[in-house]
Structures are given as structure tokens and as C-alpha cells.
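# Survey of secondary and tertiary structure
What follows is each chain in one-letter form.
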Amino acid sequence: MCKRALHYPQVETPPPQPFLKSLKNTLNEILFADDPFRKIRNESKTSKKIELVLRHVFPILEWARGYNLDYLKSDVISGITIASLAIPQGISYAQLANLPPILGLYSSFVPPMVYAIMGSSKDLAVGTVAVASLLTAAMLGKEVSAVENPKLYLHLAFTATFFAGLMQTCLGLLRLGFLVEILSHAAIIGFMAGAATVVCLQQLKGLLGLSHFTHSTDVVSVLRSIFSQSHMWRWESGILGCCFLFFLLTTKYISKKRPKLFWISAMAPLVSVIFGSLFVYFLHAQFHGIQIIGELKKGINPPSITHLVFTSPYVTLALKTGIITGVLALAEGIAVGRSFAMYKNYNIDGNKEMIAFGMMNIFGSFSSCYLTTGPFSRSAVNYNAGCKTAVSNVVMAVAVAVTLLFLTPLFFYTPLVVLSSIIIAAMLGLVDYEAAMHLWKLDKFDFFVCLSAFLGVVFGTIEIGLILSVGISVLRLLLFVGRPEIYVMGKIQNTEIFRNIDQYPQATTLSGLIILHIDGPIYFANSSYLRDRIGRWIDEEEEKLRKSEENSLQYIILDLSAVGNIDTSGISMLEEVNKILGRRDLKLVIANPGAELMKKLSKSKFIETIGKDWIHLTVAEAVSACDHMLQTAKPDSPEKISGVPEFNNV
């Protein structure tokens, strides 16, 4: 046994902690990694603590103290600008969800007011989104027809919104926001592109002036429905739609090339609605194949709390729809909020955002609104317009309220084909082919995840695409956990640094020992793999040494610097490896184990089994100690281990 002749310091085992204290620390690390209550905890005055709690729950109390007239000017301009986009988009997306168009305006009034009080993002503009609208229509429409039973369908939409808000609030209160992040970035890119493609195809109904259309969302069913009704295509509607679509795409191109002209693309949807309505009104186009919205009810949101459906069998449908659409809305809203927060160099609290989204959807479901979140297009306009705080959402809500009270009759002649053009123009921006190509160059597996999600949505259904997105993301996570990287390390010349020999070909391996680095925690999911992989490395190394007639292998050094934790299966694996190595006259040496690892290895008596002298602070120390033993003791000859079966066959 090595007697630490070189007098290296020993690896210390952390002092034991009571179970309850250890559990508390673990839960704090999982749920409160950002320590959000540190300011409250360190405050001694009760009144000050109450004030800090209120400011934490209602961020408006935080930024309102420094609000000034310059901020108000910027927020008013931003609010009016996004209102000009929110009004036509809201009407369009409500149509997409098979809901009355007026609900799109309702949903741009109450939820933004709630978010302005509870939200932590300065740039997020609240409203409905196309993907959640389409998903709502697809899921509710499977069991309840919006045409045959519009009242029940409407009430189920309110109920689904309530469940979505309840789920979002609970996730925020329980600090479980990490569950939403199970959708990888690649999966979201593919899913959103697929959903955008489906939405665009669905809008061909409006562009071609069709009255009857398939309820399926897959591309095959949609194209079959379109071409089977080719005799019913209305050329008037098609030409008008293409003209407005060209106008909208041109304004988006101009704004993209010249960011200071962002207001052009922001105002384009409202301009399209105005000119489309004037066109229909003066030319009586509604009598020539151009479908129109018709009458919109005047007045602000009526209460809908009594319309929520909690009876079987529809409550299950509403719950399922609410959870799925709520998760999607949450993922999109938080991602958008964080993106713009990064540009302005401030942070947003994901859990507080969840509570804000949840509360605005709960209150929305009580006031005739359906699911809302923070759409990228509207938030981008808000950001480019120079918004300073969430007051821009309040200004937008006021503008929508004025519209609801006085201006809704003006939308009577708005052609549906214009709404279809607005949706298509907005959706084309979600097909991010540049991001997909970047994934192809960077990580082929991520590209496969993206492509699978896209194809699942386009050729299956929205639900299939979502399941594929989550499933493949979880599979990727399991592969990372179940197959951690393990590689041989070598010494970089003229240094005491050891690195991966594949990354650094100039690094040299040392005679008589092999250094293996395990790059991840050791759990039940990967312990068998690691045992087999360690054995394979040892067998290959011994085979190489026998062929080259060099000294036989004596020491196996495991670098555990990247092993943050280990469970009982992992400890059993190490014990098994140590026994097998012992039968082959090989010695296991541990380098750089962390505190949690040392604590568990000590409790399991594994340290006593291999001896403290064989556990070292660094790889360099372990190599030096093994080299010292190789120099002072005659190495075993290859014949000593002849007849011993290979590692993986033991």
C-alpha cells in the first residue's frame, strides 16, 4: 500500500449533517437556487419586510417609484403602436381558435392589465398567439363542434383557460418552473415551425373563400380538402388576399432592413383592416364572394365565471386542453421575456412570470378571455417602439377598451381574407430555417429533434408533434444521464496538467497506469454502462501492452472531478470494479472526488476498502504516487495475470 511517501494532503470527508438539515439544503438548492428572499430575510424591521414582500409579489411597486414623465411618453407611444397590431391580430387569432372574433379584443384588455401589475418584464406585450389558438381549436373541436354547439365550445374555451392559468400559477408558487424547460430549444424550433406551417395551410380556407373545410390539421388532409373543392375557389378572394399578403410581407421586409422603421410593419395589419373594410363597403364585395366578419358586440368584457364547465365528461377535455396549451404558452412567454431582458441587461424571475401568466389567465377566464401569453411579434414591436415599463400594456389595454366601447361597428365590413393574410404574414416569421441550419452545423442530433417535431406536427397532429418534441427531448436527457462520456487522459508535456488524449493528441499516457475521466454523475441509469466501459478501456490497454511487450498495467486512476453525485447503484458499481481489479492484481486509485462523493463513499465503507492512501486531491498527485510505487516496487509481469478472464467477462 502507498504510504504517502510524497506527503500529499489527504482528501477530507465533510462533517456529517443531520438528515433534516441536509434535506432542507437540497430542497433550497432545487427550488430556490436564486435565493429570492435574501433581502427579506436580512431585514430586521417588520414593516420593511412587509414592504419587500409586496414589492416581490407585485413588481409594479418596485419600478413605479422611479417612474417619470419621459417613461410615460415612451410607454404611451409603445402602447398605441402595439394596440394597432393587437386589434387585428386578436380578431384573427380568435377566428383561428373557432371563437367569436370579439374574444380576441377581450383578451387584449383584461390580461395585459393584470400582467402590468404582476409581471417582471418591461418589454413583454401580452396577447393571444396563433399556435395556442390553433391547438385550442384542434383539441376542443375533436369532441365539441364550434358550429353545432357554439355555446358549449365557448364555455369550454373559458374553462381551459382557467385550468391553464391554475396550472401556471401552481408551477410558479411551487417553484417548479424547470418542468417547463423539458422542451429543448431544438424541439421548440421544430414545433413552432410545424405549427406555423399548419396555421398557414389552414388560412388557405380564407384566402380561397371556402365555406367548408377539414377539421384535421395535417398537411395531407388540408391539401385534400383544398383541391377537392377547387370548383368552389373564389378568384376575387384569392386576388384580394394575395395583394394584402404581399403588402404585409413587404412592410415586414422594410422594417427588418431598417429597424428604425419598425412602425411600418406594426401598423400594416391595422392599415390592411381599414383598407379592406373600405374596399368591401364601397364595392359591396360581400355580395361577390368576399366573406366578412359581420357584427361585433359593443362593450367591454362581460363576466364569464358562471360559464366555466366543471361537469363530466367535458371537464377532462378542458383540463387536458388547458394544461397542454398552458405549458406551450408558458414556454413561449418566458423565452420571449428573457430574450428582451438580455438585450436591456436586466433579469426576470421565471417563477414570478409563471404566477403573472397564471393570474392573468385565471382573471381572463372570469372575463370572457381565452388563453394569452407574451407573443414574440407583439413584444418585438413593443421593444422597438422604445417601451420603458409594463405601462405600455396598460396603454394598449385602454386603446382596446376604447375600441370595444365605441369602434367595433367599424369592423363589420372587415373581410376574412385580410385576417387570413395577417395570420400568414405573422406565421411565416416563426419558420426559422436559419436556426434549423445552425442546428445542422452545430449538433446533428438536435437537428433530428427539430426535424422530428416539425414532421410530427405537419404530417400528424399538433398533439403528436408536441408528444414527439417532449419525448425526444426526454430521450436526449436520458442519453446524457445514461451515457456520460468517459475518456483516457494523458499528460501535457512540461506541465502537471492531464487532459483528454483525443482532444490533445500531444498528451502522453504513462506506462503501467491508465487514467480514466468520468464526465457526469454516477446513477443507477449509467452504472452498468460505466462498469462495462471501464472494463473495455482496461482490456484494450492490456492488449496493447501485451502486443508492445511493455510493462503490464498496474494502476487504474479514476478522475471523479466531474462526478457531482453518486447513488447506491453507483457505489455498488465502484465496489464491483474494485473487486474485479483486485482479482486481476490491478489497483484502483481515486482522484479529485467532491464533497458529496466523499461523504457517501465514507458512509458505504468504500474508502476503508480501498484505503485512504489511494484517494488523492488531483490527478497529478495520484499519478505521482503511482509512479513512485512503480519505481520502488518491481512491477508484476504479464504472466502474473495470465489465465484471468477479460474484465467484461468476469
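Quick summary incoming for the structure in this document. Here, residues in each chain are numbered from 1, in the same order as that chain's written sequence. Confidence filtering applies because this is a predicted model: local features only for residues at pLDDT of at least 70, side-chain atom pairs given and counted only at 80 or more, and all residues used for totals across whole chains, interfaces and linings. Excluding hydrogens and water, the side-chain values take into account all heavy atoms of the structure.

### Remarks on the overall build of the protein chain
Condition: A run of DSSP states H or I qualifies as a helix once it reaches four residues; a run of E qualifies as a strand once it reaches two. Both are numbered from the N-terminal end. When a residue's accessible area, from a 1.4 Å probe over protein chains only, is under 20% of the maximum for its type it is buried; when over 50% it is exposed; and in between it is partly exposed. Per-residue accessibility takes into account occlusion by the displayed protein chains alone, with areas from the Shrake-Rupley method and a 1.4 Å probe. When charges are counted, neither His nor the chain ends are considered; positive counts come from Lys and Arg and negative counts from Asp and Glu. A charged residue contributes its charge at one atom only: NZ of Lys, CZ of Arg, CG of Asp or CD of Glu.
Within the protein chain, the secondary structure is distributed over 27 helices and 6 strands. Reported as C-alpha extents along the three principal axes, the dimensions of the protein chain are approximately 105 × 70 × 55 Å. The buried share among the 650 residues of the protein chain stands at 51%. Roughly 31000 Å² of accessible area belongs to the protein chain as shown, and the carbon and sulfur atoms make up 63% of that amount. Side chains of the protein chain carry 56 positive and 49 negative charges; the gap between the two charge centres is 8 Å.

### Focus on the packing of helix H10 (residues 185-202) against helix H21 (residues 444-459)
We apply this condition: In this analysis, axes come from line fits to C-alpha atoms, helices being fitted only over the stretch in contact, and the angle between any two N-to-C directions falls in the range 0 to 180 degrees. What sets the label is the angle itself: under 35 degrees gives roughly parallel, over 145 gives roughly antiparallel, 65 to 115 gives roughly perpendicular, and the rest give oblique. Two helices that cross are described as forming a left-handed crossing if the nearer one is turned anticlockwise from the farther one by less than a right angle, and a right-handed crossing if clockwise. We call two residues in contact whenever any of their non-hydrogen atoms come within 4.5 Å of each other. Under this grouping Gly is polar, as are all residues other than the nonpolar Ala, Val, Leu, Ile, Met, Phe, Trp, Tyr, Cys and Pro and the charged Asp, Glu, Lys and Arg.
Packing of H10 against H21 leaves a shortest axis separation of 7 Å and a crossing angle of 25°. As summarised for this structure, H10 and H21 are arranged roughly parallel, according to the angle between their axes. Helix-helix and strand crossings are classified by hand; for H10 and H21 the assignment is right-handed. On H21, the residues that touch Ala186, Ala187, Ile189, Gly190, Phe191, Ala193, Gly194, Ala195, Thr197 and Val198 of H10 are Asp446, Val449, Cys450, Ala453, Phe454, Val457 and Val458. By residue class, the composition of the contact of H10 with H21 is 13 nonpolar, 3 polar and 1 charged.

### Some remarks on the sheet that holds strand E3 (residues 513-519)
To keep it simple, the criterion reads: Here, any two strands with at least 2 DSSP bridges between them count as paired.
Read from one edge to the other, the open sheet built from 6 strands follows the order E2-E1-E3-E4-E5-E6, with strand pairing classed as mixed. Every other strand in the sheet has two partners, leaving strand E2 (498-500) and strand E6 (615-616) as the edge strands with one partner each. The sheet contact formed by strand E5 (residues 587-591) and E6 spans 2 bridges and is parallel. Pairing of Ala591 across the sheet is with His616, part of E6. Of the strands in this sheet, E2, E3, strand E4 (555-559), E5 and E6 touch helix H27 (residues 619-632), which is tilted by about 170° from E4.

### Things to note about the pairing of E4
The buried fraction of E4 amounts to 5 of the 5 residues, a majority that puts the element mostly inside the structure. Taking every second residue as pointing to the same face, both faces of E4 are buried, with Tyr555, Ile557 and Asp559 on one and Ile556 and Leu558 on the other. Bridging between E3 and E4 involves 5 bridges; their strand directions are parallel. Counted as the bridge partner of Ile514 is Ile556 from E4. Alignment of E4 against E5, held across 5 bridges, turns out to be parallel. The residue bridging Asp559 from the neighbouring strand is Ala591, located in E5.

### Looking at the environment of Gln554
Let me state the cut-off plainly: As used in this structure description, the phrase polar contact means that two N or O atoms lie within 3.5 Å; if the pair is within protein, one of them must be able to donate a hydrogen and the other to accept it, and residues adjacent in sequence are counted only when both atoms belong to side chains.
Structurally, the position occupied by Gln554 is in the loop between helix H23 (527-548) and E4. Spatially, the C-alpha atom of Gln554 lies 86 Å from that of Ser277, the residues being 277 residues apart in sequence. At a separation of 2.9 Å, a polar atom in the side chain of Gln554 contacts the side chain of Ser552.

### Here we look at H23
As a reminder, the rule being used: To estimate how far a helix should extend, the number of its residues minus one is multiplied by 1.5 Å.
Along its 22 residues, H23 runs 32 Å from first to last C-alpha, staying within 8% of the 32 Å computed at 1.5 Å per residue. Within H23 the residues assigned to the buried category are Ser527, Leu530, Arg533, Ile534, Gly535, Trp537, Ile538, Asp539, Glu541, Glu542 and Leu545. Tucked inside the fold, the buried residues of H23 contact strand E1 (485-491), E3, E4 and helix H24 (568-583). Positive phi shows up at Glu549, right after H23, with a value of about 55°.

### Some thoughts on the packing of aromatic side chains
Two aromatic rings, taken as a pair, are described by how far apart their centres are and by the angle between their planes. Put simply, the test is: Working definition: rings of Phe, Tyr and Trp (its six-membered ring) pair if their centres are within 6.5 Å, and the pair is stacked with planes under 30 degrees apart, edge-to-face with planes over 60 apart, and tilted otherwise. Only Lys NZ and Arg CZ are tested; either one counts as a charge over a ring when it is within 6 Å of the ring centre and within 35 degrees of the ring normal.
Applying the stated criterion to the full structure yields 18 aromatic pairs. Within the aromatic cluster, the residues linked to one another by ring pairs are Phe162, Phe163, Phe310 and Phe366. The side chain of Lys444 reaches across the aromatic face of Trp440, ending 4.7 Å from its centre.

### Side note on the nonpolar core
Going by this rule: What makes a nonpolar core is a set of buried Ala, Val, Leu, Ile, Met, Phe, Trp, Tyr and Cys residues whose side-chain atoms join them at distances within 4.5 Å.
Counting residues in hydrophobic clusters, the biggest one holds 111 residues, and the most contacted among them are Ile91, Leu99, Leu103, Leu156, Phe191 and Met427. In this view, Leu103 contacts Leu154, Phe158, Ser368 and Tyr370; residues no more than four positions away in its chain are not counted.

### A look at the packing of H21 against helix H22 (residues 462-482)
Two elements in contact, H21 and H22, have axes separated by 7 Å at closest approach and are oriented at 160°. Accordingly, the angle class assigned to the pair H21 and H22 is roughly antiparallel. Like other packed secondary-structure pairs, H21 and H22 cross with a definite hand, here right-handed. Residues Phe445, Asp446, Val449, Ser452, Ala453, Gly456 and Val457 of H21 lie in contact with H22, whose contacting residues are Ile462, Ile464, Gly465, Leu468, Ser469, Ile472, Arg476 and Leu479. Looking at the contact of H21 with H22 residue by residue, the class counts come to 9 nonpolar, 4 polar and 2 charged.

### As for the pairing of E1
Burial of E1 is extensive: 5 of the 7 residues sit out of reach of the surface. The sheet contact formed by E1 and E3 spans 5 bridges and is antiparallel. Paired with Met489 across the two strands is Ile515, which belongs to E3. With 3 bridges connecting them, E1 and E2 associate as antiparallel partners. Bridging from a neighbouring strand, Met489 pairs with Asn500 of E2. With antiparallel pairing between neighbouring strands as the criterion, E1 and E2 make up a hairpin whose turn holds 6 residues, including Asn494 at a positive phi of roughly 65°.

### Section: the side chain of Thr403
Position of Thr403 relative to the elements: it lies in helix H18 (residues 391-407). A relative accessible area of 4% means that Thr403 is categorised as buried. Discounting residues that sit within four places of it in the chain, Thr403 has contacts with Ile87, Leu105, Thr408 and Phe411.

### Some details on the pattern of salt bridges
Using the following cut-off: Note on definitions: salt bridges are taken to be side-chain nitrogens of Lys or Arg within 4 Å of carboxyl oxygens of Asp or Glu.
This model, assessed by the stated rule, comprises 17 salt bridges. A salt bridge links Glu62 to Arg65; the shortest N-O distance between them is 3.4 Å. For Glu62, a relative accessible area of 38% puts it in the partly exposed group. Between Glu542 and Arg584 there is a salt bridge, with its nearest N and O atoms 2.3 Å apart. Pair noted here: Glu542 is in helix H23 and Arg584 is in the loop between H24 and E5, with a separation of 42 residues, a long-range link. The buried category is assigned to Arg584, whose relative accessible area is 4%. The structure contains a network of salt bridges with shared partners spanning Glu51, Arg55, Glu62 and Arg65.

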